[in-house]
Amino acid sequence: MRHVLKLTRWELWKLARRPSSYVGFVLCLVFAAVALIGFEWSQHKGKKIGGLAIDPSQYLNGPFFANFVLNIGFFALLPLVAATVAGSQLAGEHKDGTLRALLVRPPSRTAVYVAKALASLVWLELMVVFLCALALLIGHVAYGGGSLLIYIWEYRNAGFWIVPADDWPALLALACVGAGAALAIIVAAALCVSAITDNPVVAHVGTLGGFFISSVLQRLPDEIMGPSFKEMLPTRHMNFWHELYRWYNPAGSTVDHHRLWTDVAWCGGLTLGFFVLGLVLFRRRDLTG
């Protein structure tokens, strides 16, 4: 285990030295900036927040902006950076000719694979936190602070609730951890595909293609795609972390524990399955270059 941790530090150091590793952070910056422009445009047009009959100027602040960027970025941006980081771990080094040289040394293939998986997960979580913290900073500068208005689309029937200023930092931190844990399934899938190809683009496109296909099928009407089939789709379970918001509902905890743990079990099982499959394929792979 100590050897794996040492390799993980080495992999993180390589990610930190690789310029392409920072593309995700740049995209987070661009995404937050574009979201701010959109918010400013919406204000000038006099639109309401989420169609709610409340004064936007009262609750449109830094915490609300950060939470909005995190939730939209979870499906619009973060899957891309997750697939890019993990998909380049094995295929990228194989293409550059460094993977075979690494495996000539004492570390086993299992140790190398586990270290790359851990490094990818850590790097992904750093980007999630960076996106939320950057959006919070930009939002505070543009709109100031205050209480956090929670309005999640899937909970629209329950309306909205307010989280006091003393509580929302813990909520956003918990949401970042939950979002990173949900995105681990994309990291595992990308690493699995990366284990069988020497072209990182194939790993990126293959993983993102599967993610977007699952997302589209999930949103089709039940008359076309039955609920039983949708339950087997990964994206059906990836937003389990939204249940964490209900812990901070002043009206009382309304967390659907059955849904929460069912989705966690699905995501955890798929993530572990992809990691194990990728490890098996990587151990059996004949590296010729």
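Residues numbered from 1 in each chain as written. Predicted model: local features only at pLDDT ≥ 70, side-chain atom pairs only at ≥ 80, totals over all residues. Heavy atoms only, no water.

Student: For the overall build of the protein, give the residues involved together with the corresponding values.
Tutor: When helices and strands are counted, the protein shows 12 helices and two strands. Along the protein, helices and strands appear, N-terminal first, in the series α-α-α-α-α-α-α-α-β-β-α-α-α-α. Counting every position in the protein, which comprises 289 residues, the buried fraction comes to 47%. Of all intrachain contacts in the protein linking residues separated by at least 6 positions in sequence, the fraction that spans at least 24 positions is 78%. (Helix = DSSP H or I, 4+ residues; strand = E, 2+ residues; numbered from the N terminus. Buried < 20%, exposed > 50% of the residue type's maximum accessible area, 1.4 Å probe, protein only. Contact = heavy atoms within 4.5 Å.)

Student: Residues and numbers for the packing of aromatic side chains, please.
Tutor: For the structure on display, the rule yields 15 aromatic pairs. Seen in terms of ring centroids, Trp10 and Trp13 are 5.2 Å apart; in terms of plane orientation they differ by 20°. Their pairing is stacked. You can see Trp10 and its partner Trp13 sitting in helix 1 (residues 2-17), three residues apart, about one turn around the helix. You can call Trp13 partly exposed: its relative accessible area is 43%. Within the aromatic cluster, the residues linked to one another by ring pairs are Phe74, Phe75, Phe211, Phe212, Trp241 and Tyr245. The ring of Phe282 carries the charged tip of Arg109 above its face, separated from the ring centre by 5.5 Å. When the ring centre of Phe75 is taken as reference, the NZ or CZ atom of Arg219 above it lies at 5.5 Å. (Phe/Tyr/Trp six-rings, centres within 6.5 Å; stacked < 30°, edge-to-face > 60°. Lys NZ or Arg CZ within 6 Å of the ring centre and 35° of its normal.)

Student: I'd like a description of the pattern of salt bridges, backed by residues and values.
Tutor: Scanning the entire structure with this criterion turns up seven salt bridges. Its salt-bridge partner being Glu243, residue Arg246 comes within 3.9 Å of it at the nearest N-O pair. One salt bridge in this structure joins Arg259 and Glu243, with 2.7 Å as the shortest N-O distance. In this pair, Arg259 sits in helix 12 (residues 257-284) while Glu243 sits in the loop between helix 11 (227-230) and helix 12, placing the two residues 16 residues apart along the sequence. Looking at Arg259, the relative accessible area reads 17%, which means it is buried. When salt bridges with common partners are traced through the structure, they connect Glu243, Arg246, Arg259 and Asp263 into a single cluster. (Salt bridge = Lys/Arg side-chain N within 4 Å of Asp/Glu carboxyl O.)

Student: I'd like to hear about the packing of helix 5 (residues 78-87) against helix 8 (residues 109-143), residue by residue, with values.
Tutor: Closest axis-to-axis distance for the helix 5/helix 8 pair is 10 Å, and the angle between their directions is 150°. Classed by the angle they form, the pair helix 5 and helix 8 counts as roughly antiparallel. Helix 5 and helix 8 meet at a crossing whose hand is right-handed. Residues Leu78, Val81, Ala82, Val85 and Ala86 of helix 5 form the contact with helix 8, whose participating residues are Ser120, Trp123, Leu124, Met127, Val128 and Leu131. In terms of residue class, the contact of helix 5 with helix 8 is built from 10 nonpolar, one polar and no charged. (Axes fitted to C-alpha atoms, helices over the stretch in contact; angles between N-to-C directions. Parallel < 35°, antiparallel > 145°, perpendicular 65-115°, else oblique. Left-handed = near helix turned anticlockwise from the far one by under 90°. Nonpolar A, V, L, I, M, F, W, Y, C, P; charged D, E, K, R; others polar.)

Student: How would you explain the environment of Leu5 if you had to name every residue and give the values?
Tutor: By secondary structure assignment, the location of Leu5 is in helix 1. Since its relative accessible area comes to 40%, Leu5 is described here as partly exposed. Considering only alpha carbons, one finds Leu5 and Ala115, 110 residues apart in sequence, at a separation of 7.0 Å.

Student: Before we move on, could you go through the environment of Met225 and cite the residues and values that matter?
Tutor: Tracing the chain through its elements places Met225 in the loop between helix 10 (200-218) and helix 11. For Met225, a relative accessible area of 21% gives the class partly exposed.

Student: Could you give an account of the side chain of Asn67, naming the residues involved and the relevant values?
Tutor: Counting through the fold element by element, Asn67 comes out in helix 4 (residues 62-76). Here the side chain of Asn67 touches Tyr245 through a polar contact of 2.4 Å, side chain to side chain. Discounting chain neighbours no more than four positions away, the residues touching Asn67 are Leu148, Ile150, Ile152, Leu172 and Tyr245. (Polar contact = N/O pair within 3.5 Å; in protein donor to acceptor, adjacent residues only side chain to side chain.)

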